[in-house]
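Notes for the structure review
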Amino acid sequence: MAITSYPFDAQVVTETQFSQMFREFQDSGVATSYGASGFNVTAGSGMNVNVAAGLAFLRGHMVQSTATEAVAIPAAGTAVRVDRVILRLDPSLNSIVLAVKQGTSGSSTPAALTQTDTGIFEIGLATVTVNASVTSIVSGDITSTRPFVGHRVGVWGTNTRPTSPRYGQLGFNNWTTSWEFWNGSAWTPLLSTVDWTNLSGKPSTFPPSAHSHKWADITDAPSSLPPASHTHDWTQVTNKPTTFAPTAHKHAWTDLTGVPSTFAPSSHSHSWSSITSKPSTFTPSSHSHSSYLESGDTIAWANGTKRVHNDSVSGSGTYYAVWVQGDGTFARNTSSRRFKQNIRDIDIDPDAVLSLRPRIYDRRPKEEGGEYLRDEFGLIAEEVAETLPEIVQYDEEGRIDALRYDLLGVALLSVVQDQAERIERLEQLVRDMSR
């Protein structure tokens, strides 16, 4: 008995050998998802049908069409017949082509497919019913019969199951919407139908166990149940509230007990809108203002601060840089070690700082129709985020919003330090060369 193995380098491998090898990898059929357009047959003009572009396998050989092809159906006769649109493999011609197999006149059975192991091999794409004496094919005359492949578990219809299936081959039958396998002689549902009559070992009777029924499931139940005079103990009431929230109500002053005879005023405030008989205008008098504003004030700002621009330093005599919170309140910018933890070094690439691009732009107005602030210059936060994201600020929705310009000077230290190291190395190089 001869043993043959292939393919190997410097070895002649025949078409038949390649075909035998590739058919083990893929069944014959259209290589696409079930119901997709690959090699789909639709009505064209007159007696022509259109076959969409697609990719298919036939007995280990592959065919690919990259454009829609028009295929002519033979002229109608005096009786109905059923033709097939097919893909035909002909090894003697080294080709796979689209073709039409004409059915028998007067028969509703389509022409049979030729499927040999070494010669002609055909797969059906669609059946076309050619009615008597017609001059055109319509969509209702065409029934798709394409088998679909592309995976070892197939998807097919009852009339497009694989030919010569192997024992245990599994697939989904789209006609019956069920999984089935080949048992060696027939296609068998993967899950068998079970009914009460073919169950074994079932009990002949079922003694009732403790259970309950919904009122809606009870038949002949009375439509109403008039209550009889009775009482319930509070502990027997279910789903009662643990507390009883009072509802809106009033009490006459005379009904209240323990009320004081007089009411001494306590420290309190009133909103301006609640004050009655207030003057419409105020004549200014000699007065002064406190040097400080209370925390949380949201009065209009003057020159970027909530204090007027010419206020002098008082108290400790110390100025602070401030941050503005999202709600408009201020917080001083502290830098002492006692306000910080987890202190560690950071490496900032000098090239990242030097790559920043100063830009000039017009700032959008606050309101529709307002004036633009022209020719403002600065940096663009989205551009800075690409090279120096450490100074970029984001809003509550995660969008890029602003830049920490106060940190730009810190980042510039890396540039200065880098340049200082370069200068020192160059000076040392000059000293070494002058010796």
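Residues numbered from 1 in each chain as written. Predicted model: local features only at pLDDT ≥ 70, side-chain atom pairs only at ≥ 80, totals over all residues. Heavy atoms only, no water.

A few points about the overall build of the chain
A count of helical and extended segments in the chain gives four helices and 21 strands. Expressed as a percentage of the 435 residues in the chain, the buried residues total 22%. By sequence separation, contacts in the chain at least 24 residues apart represent 44% of the contacts at least 6 residues apart. Total accessible area on the chain stands at roughly 33100 Å², and carbon and sulfur atoms take up 54% of it. (Helix = DSSP H or I, 4+ residues; strand = E, 2+ residues; numbered from the N terminus. Buried < 20%, exposed > 50% of the residue type's maximum accessible area, 1.4 Å probe, protein only. Contact = heavy atoms within 4.5 Å. Areas by Shrake-Rupley, 256 points an atom, 1.4 Å probe, with all protein chains shown as cover.)

Describing the sheet that holds strand 6 (residues 69-72)
In space, the three strands of this open sheet follow the order 2-3-6, with antiparallel pairing throughout. Each edge of the open sheet is held by one strand with a lone partner, namely strand 2 (41-43) and strand 6. Averaged over all pairs of adjacent strands, the angle between their axes in this sheet comes to 35°, without regard to strand direction. Summarising the sheet, strand 3 (residues 48-51) and strand 6 pair through four bridges and their orientation is antiparallel. In the strand pairing of strand 6, N48 is matched with A72. (Pairing = 2+ DSSP bridges. Axes fitted to C-alpha atoms, helices over the stretch in contact; angles between N-to-C directions.)

Some thoughts on the pattern of salt bridges
Inspection of every chain in the model, using the stated rule, returns 12 salt bridges. Of the charged contacts in the structure, one is a salt bridge between E376 and R363, with a shortest N-O distance of 2.8 Å. With E376 in strand 19 (residues 373-378) and R363 in strand 18 (residues 359-363), this residue pair connects regions lying 13 residues apart in the sequence. Accessibility expressed as a relative area gives 42% for R363, which makes it partly exposed. What you see here is one network of salt bridges that share partners, running through R88, K101 and E122. (Salt bridge = Lys/Arg side-chain N within 4 Å of Asp/Glu carboxyl O.)

Some remarks on the confidence of the model for the chain
The predicted coordinates should not be examined in detail at positions where pLDDT is low. With 89% of its residues at a pLDDT of 70 or more, the chain shows a mean pLDDT of 84. Low confidence marks residues 287-310, where pLDDT is under 50. Its contacts with residues over four positions away, or in another chain, come to 25 contacts. (pLDDT = per-residue confidence, 0-100.)

So, the nonpolar core
By size, the foremost hydrophobic cluster in this structure holds 24 residues, and its most contacted members are L58 and L87. By residue number, the principal contributor to this core is strand 9 (residues 121-130), which donates six residues. Every residue in contact with L58, bar those within four places of it in the chain, is listed here: S28, V63, L87, R88, L89, I96, F121 and I123. By size, the runner-up hydrophobic cluster in this structure holds 13 residues, among which are L356, L388, V392 and A411. (Core = buried A, V, L, I, M, F, W, Y, C linked by side-chain atoms within 4.5 Å.)

Describing the environment of R374
With respect to the helices and strands, the residue R374 is situated in strand 19. A relative accessible area of 53% places R374 in the exposed class. A sequence separation of 12 residues divides R374 from D362, and the C-alpha atoms of the two residues are 4.5 Å apart. Once residues lying within four places of it in the same chain are set aside, the contact partners of R374 are Y361 and D362. There is a polar contact of 3.1 Å between the side chain of R374 and the side chain of D362. (Polar contact = N/O pair within 3.5 Å; in protein donor to acceptor, adjacent residues only side chain to side chain.)

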